[in-house]
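# Results of the structural survey
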Amino acid sequence: MLCTCSGEQFKFEEPAPQSPESLATRDFSASALSSRMTGDWESKFEDAQVDEAESTLKEALSLNYEEARALLGRLEYQRGNYDAALQVYQGIDIRTLSSRMTKAITERTRLRKARSKGENVLIGTMSLHSVSLLLEAILLKAKSLEELGRSKEAARECKVVFDIVESALPDGMPQGFGQDCKLQEMFHKALELLPKLWIQAGFLDEAITAYRRVLFKPWSLNPQRLATIQKDLATILLYGGVEASLPGSNTEEAILLLFVLMRKVLYGEIEWDQEIMDHLTFALSICQQFETLAKHFEQALPGIYDRAERWYFLALCYCASGQNDVALNLLKKVLGPSEAKHKPYFSSFLLGAKLCSEEPKHAHEGISFAQRLLDLARHNKNKHFIGQAHKFLGICYGNVARVSVSDSERICFHRESLNCLNHAASIGGGDPELMFGLGVENAIQRSLGPAFENLMVYAGMMGGSSGRGWRLLALIASAEQRLKDAETIVDLALDETEKIDQFELLRLKAIVQIAQEQPKQAIETYRILLSLIQALRDQSTNSYPLLLEERRLEMEAWQDLAGVYTKLESWSDAEICLTKAKSIQLYSPRGWHNTGLLLEARGLYKEALTAFMFALSVDPEFVPAIVSTAISLMKLGSKSTLIARSFLMNALRLEPTNHDAWFNLGLISKMEGSVQQAAEFFQAAHELKMTAPVESFLS
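Residues numbered from 1 in each chain as written. Predicted model: local features only at pLDDT ≥ 70, side-chain atom pairs only at ≥ 80, totals over all residues. Heavy atoms only, no water.

From N to C terminus, the protein includes 33 helices and zero strands. Residues counted as buried form 49% of the 699 residues belonging to the protein. Taking contacts inside the protein between residues at least 6 apart in sequence as the whole, the part at least 24 apart equals 60%. Here the protein has roughly 34000 Å² of accessible surface; of this, 54% comes from carbon and sulfur atoms. (Helix = DSSP H or I, 4+ residues; strand = E, 2+ residues; numbered from the N terminus. Buried < 20%, exposed > 50% of the residue type's maximum accessible area, 1.4 Å probe, protein only. Contact = heavy atoms within 4.5 Å. Areas by Shrake-Rupley, 256 points an atom, 1.4 Å probe, with all protein chains shown as cover.)

Structure representation (C-alpha cells):
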C-alpha cells in the first residue's frame, strides 16, 4: 500500500476563501472515490486542486478510507473550511491506527539500521508515507480546532502525534529519519505547536511539561529551532507564574536554559538574539547575580553593543552589586578623550552623576558628570533632565564643601549647592530625592526651619514609608532642642517603616532618651533592639547586604550602651559591651574611642590617649577621636597645648560645626591668656550646641 507525497504536500498553506459547499457534508466510500473525483468534485474545486488530487490517487495502487479522508481534510483546510475539515478528520479512527503507526515507525527504523539494500520490506507493515499522511491529518485537525477557538481539544489532538512518535522512538529520532516523506517535518511542527496550544488554552503547567518533553530527547531539530523552544520555555518559566514540579525553582531552570543559549551564541551555533539577553538580564537581576550578568555583557561579541553602551551596562551591573568604584571607573571612560569624537551617551553621564553624588570622595568627578549632563539636557531642551543635572550638581557641590580645606571655598560651594538645589526644585519639585537633598543641605547649614519643611514635603511624597526621612525629621527636631517631639516623631515612624528601618529608628530613640537624661529607658530600648536583631538573624533568610546592616546596627548598639554605662560609672558593664562590640568588628574607630572614654573616666589618661591614638590609626579623620586626643593632651600639661590646638584645628577643618572642638579651643585660648579670642570661641561653641542634633545629619 503506497501513497506518493509531493514536496508541497505537507506545507501549511494560507487558507483560501470558504467554499459555499463542503465535501465534508457528503458521505463517500473508498470504492466510489475515483468516480466522484471525475464527476461531482469538478463543480467544487479549482482545476489545479482537482488535478493534484487525481494525480495523487492515480499513482496509488490502493487508498484506504482513512488516507482518503486525510487528503480530503487537507484540501478543506487549505481552502479555509475548518469546520468541514474537522468533520472529515473526525471520521479517522486514530486510536485504532496508532498502534499500527507506532509499529511501522519502529520497524522501518530497525530495518533502516540492519537490512541491506536488496532486502524486502515486511509485508503488512504500513509505509512511512502513509504514517506521514495520517500524522499530517492529526496535526491539521489540531490546527483546525485552534482556528475554531478550541485550543484545549487542539492540544490533546496534537499530543497524539507526540505520543505516537515517542512510543516508537523512545531514544529520540535518528538524523535524517523520515525526511523523504516529510514525517520528520510533520513531527517537528507538532513539537512546536503543542506547547503553544496549551498556552492558548491557559494550561501553563501542561505547556511546561510539553517543552520539557521536547528537550528531554534528541528529535533532530535544527539548532535555531531548538534554541527557539529553549527560549520559549525559559520565558514561560520566568513570567508564567506557574511553579515548576521538578526540584529547583523556575528561575534557576530558566537561567540554565539561557546560559546554554548564550553559549550557543558565543560559539556561533545560533544567531544573536537580543531577547535572550533581555530575559537573562531580568532573571539574574531578580536573583541579584549582577557580577554574573556583567560577565555575559563582557562576552558579547564586538559589534553587538558599541563601547559606551557596553560600559554603561557593565557599570549598571557593578553598581547593583555594590561595587560603585568599579562602576565609576567604567563610566569615566565616557569622559575620556577616546570618546570625544563619538556621540555622547546620555545615560552614562546620568548614572555617573548619581553615583558620585552618593560618595563625597567622588564629588569633584560628580560635578564633571553633572555639568556634561546639564549641557546635553540644555542642547536637547529637556526640562526634566535639566532639573536632574541641577540636583546632582547641588548634592556634589555640598559634598565638595564638606571636604574643602579653606573657609572661603566651603562657603562658596555651600552657596552653589543651595542655588542648584533650589533651581532644580523650581523646575520640577515632584522629585522626592531632590527634596531630601535640599533638606539635608539646609540642615547641615543650620537652616533648620526650611530643612524641616523640605523633609515634610519629602515624607508626604514617600507616603510616610521612608525611614531616612523620619530619621532626619527627628534629628532636626532634636537640633531645635525639641527632644520630646523628636521622640514622638520616632514613635510615629516605627509604625510606618520596614523592619531594618525600624532598627535604625529604635537606636535613634535610645539616643534621644540619653539626651533627655533617661538612661534606664534608653537601656530598655537597646535591649529591645538587640533582641529583634537576634530574632531576625535566627531566621537565616536574609541577604548578605542585610546581614551586614544588622551587624553594623548591633555593633553600634553595644557601643552606645558602653557609653551609657561609662556615664553611670558601671565600669564592668561598659567593658562587657565594648567586648561584644569588638567581637563584631575589632578595628572600629568608634569602638576604640569608647574604650578611651572609659579609661579616661577611670582616670587612666595615658592609657586613654593610647586608645584614642589607636582609633586615629584606623581612621585618621574620625573627628570625635581627634577632639578626645586634644582633650587628653590638655590634661597632660601646658606643654602639650600647641599640639592639642593643632588637633582641634584639624577637627574643625573636617567638621566646622563641632561645638566640642570650638569649646576646647576656647579653653586653650583662655589658658594662653587670649581672653577675647576665648570668648569668641565659647560664643561659637554655644551657638552651635544650641543647634546641634543628637547625632550627625550625615551619619
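Let's pick the thread back up.
Turning our eyes to something else, we now look at the side chain of Asp560. Tracing the backbone shows Asp560 in helix 26 (residues 544-567). Within the structure, Asp560 has its side chain in polar contact with the side chain of Arg590 (distance 2.3 Å). Beyond its immediate chain neighbours, meaning those up to four positions away, Asp560 contacts Arg507, Ile511, Tyr526 and Arg590. (Polar contact = N/O pair within 3.5 Å; in protein donor to acceptor, adjacent residues only side chain to side chain.)

Right, let's get into the environment of Cys319. One can find Cys319 in helix 14 (residues 307-320). Each C-alpha atom, one on Cys319 and one on Leu355, is 8.3 Å from the other, the two residues being 36 residues apart in sequence. With residues up to four places along the chain from it excluded, the contact list for Cys319 reads Asn324, Ala327 and Leu355.

With that settled, consider the environment of Glu441. Among the secondary structure elements, Glu441 is positioned in helix 20 (residues 432-444). Taking the C-alpha atoms as reference, Glu441 lies 9.4 Å from Phe697; in sequence the two are 256 residues apart.

With that settled, consider helix 12 (residues 274-286). In this model helix 12 runs 19 Å from its N-terminal to its C-terminal C-alpha over 13 residues, within 8% of the 18 Å that 1.5 Å per residue would give. Of all the residues in helix 12, the buried ones are Ile276, Met277, His279, Leu280, Ala283 and Leu284. Here the buried residues of helix 12 occupy an arc of 165° about the axis, which is enough to place them on one side. Taken together, the buried residues of helix 12 touch helix 10 (223-239), helix 11 (250-266) and helix 13 (290-299). Downstream of helix 12 by one or two residues, Gln288 has phi in the positive range, about 60°. (Expected span 1.5 Å × (residues − 1). Arc of directions from axis to C-beta.)

Another point: the side chain of His390. The residue His390 is located in helix 18 (residues 383-403) in this model. Within the structure, His390 has its side chain in polar contact with the backbone oxygen of Ile386 (distance 3.0 Å). The residues touching His390, leaving out its near neighbours within four places in the chain, are Leu374, Arg378, Cys420, Leu421, His423, Ala424 and Ile427.

All right, on to the packing of aromatic side chains then. If you walk through the whole model with that rule in mind, you get 19 aromatic pairs. Considering the side-chain rings of Tyr239 and Phe282, the 5.1 Å spacing of their centres and the 40° angle between planes classify their relative orientation as tilted. Of the two residues, Tyr239 sits in helix 10 while Phe282 sits in helix 12, which places them 43 residues apart along the sequence. Note on Tyr239: relative accessible area 42%, which makes it partly exposed. A ring pair is formed by Phe346 and Phe385, whose centres lie 4.7 Å apart and whose planes are at 75°; its orientation type is edge-to-face. Pair noted here: Phe346 is in helix 16 (residues 346-357) and Phe385 is in helix 18, with a separation of 39 residues, a long-range link. On the basis of relative accessible area, Phe385 is assigned to the partly exposed category, the value being 21%. Put simply, the rings of Trp272, Phe297, Tyr305, Tyr312, Phe313 and Tyr345 touch in pairs and so form one group of aromatic residues. Sitting over the face of the ring of Phe162, Arg213 holds its NZ or CZ atom 4.1 Å from the ring centroid. A cation sits over an aromatic face here: Arg468 above Phe436, 4.0 Å from the ring centre. (Phe/Tyr/Trp six-rings, centres within 6.5 Å; stacked < 30°, edge-to-face > 60°. Lys NZ or Arg CZ within 6 Å of the ring centre and 35° of its normal.)

Ile105 and Leu135 are the most contacted members of the largest nonpolar core, which has 111 residues in total. With eleven residues, the single largest contributor to this core is helix 6 (residues 128-147). Excluding its chain neighbours within four sequence positions, the residues that come into contact with Ile105 are Leu128, Val131, Ile164, Val165, Ala168, Leu169, Phe177 and Leu183. Ala477, Leu505, Val512 and Leu530 belong to the second largest nonpolar core, which has 50 residues in total. (Core = buried A, V, L, I, M, F, W, Y, C linked by side-chain atoms within 4.5 Å.)

With that settled, the discussion passes to the pattern of salt bridges. All told, the structure shown has 37 salt bridges when counted by the stated rule. One salt bridge connects Glu480 with Arg482, and the closest N-O pair in it is separated by 2.5 Å. Overall, the relative accessible area of 29% leaves Glu480 in the partly exposed class. Among the ionic contacts, a cluster of salt bridges with common partners joins Arg471, Glu504, Arg507, Glu549, Arg552, Glu556, Asp560, Arg590 and Glu695. (Salt bridge = Lys/Arg side-chain N within 4 Å of Asp/Glu carboxyl O.)

We now examine unusual backbone geometry. Backbone geometry at Ser220 places phi at a positive 60°, although glycine is not the residue there. On the basis of relative accessible area, Ser220 is assigned to the buried category, the value being 14%. For Gln288, which is not a glycine, the phi torsion comes out positive at approximately 60°. Turning to its location among the elements, Gln288 is positioned in the loop between helix 12 and helix 13. Take Gln288: its relative accessible area is 52%, and that puts it in the exposed class.

Now for the state of the cysteines. Here the structure, examined in full by the defined rule, presents zero disulfides. Not engaged in a disulfide, the cysteine Cys317 finds its nearest cysteine sulfur in Cys319; these two sulfurs lie 9.8 Å apart. The thiol of Cys396 is not disulfide-bonded; the next cysteine sulfur, from Cys356, is found 6.1 Å away. (Disulfide = S-S within 2.5 Å.)

Another aspect to go through is helix 9 (residues 204-216). When the terminal C-alpha atoms of helix 9 are compared, their 18 Å separation across 13 residues agrees well with the 18 Å that a helix rising 1.5 Å per residue should span. All of the buried residues along helix 9 are Ala207, Ile208, Ala210, Tyr211, Arg212, Arg213 and Val214.

To continue, consider the packing of helix 8 (residues 183-201) against helix 10. Running from N to C, helix 8 and helix 10 point in directions that differ by 15°, and their axes come no closer than 12 Å. Our classification of the angle between helix 8 and helix 10 gives roughly parallel. Classified by chirality, the crossing of helix 10 by helix 8 is left-handed. Residue-level inspection shows Glu185, His188, Lys189, Glu192, Lys196 and Ile199 of helix 8 in contact with helix 10, the latter providing Arg225, Ile229, Asp232 and Ile236. (Axes fitted to C-alpha atoms, helices over the stretch in contact; angles between N-to-C directions. Parallel < 35°, antiparallel > 145°, perpendicular 65-115°, else oblique. Left-handed = near helix turned anticlockwise from the far one by under 90°.)

Below, the discussion takes up the confidence of the model for the protein. Mean pLDDT for the protein: 85, with 86% of residues reaching 70 or above. This stretch, residues 1-48, has a pLDDT under 50; its non-local contacts, to residues over four places away or in other chains, come to 94 contacts. (pLDDT = per-residue confidence, 0-100.)

Quick look at the packing of helix 18 against helix 19 (residues 407-427) now. One can describe the packing of helix 18 onto helix 19 by two numbers: an axis separation of 7 Å at closest approach and a directional angle of 160°. Of the possible angle classes, the one that applies to helix 18 and helix 19 is roughly antiparallel. Between helix 18 and helix 19 lies a crossing of left-handed hand. Among the residues making up the contact of helix 18 with helix 19, the classes are represented as eleven nonpolar, seven polar and five charged. (Nonpolar A, V, L, I, M, F, W, Y, C, P; charged D, E, K, R; others polar.)

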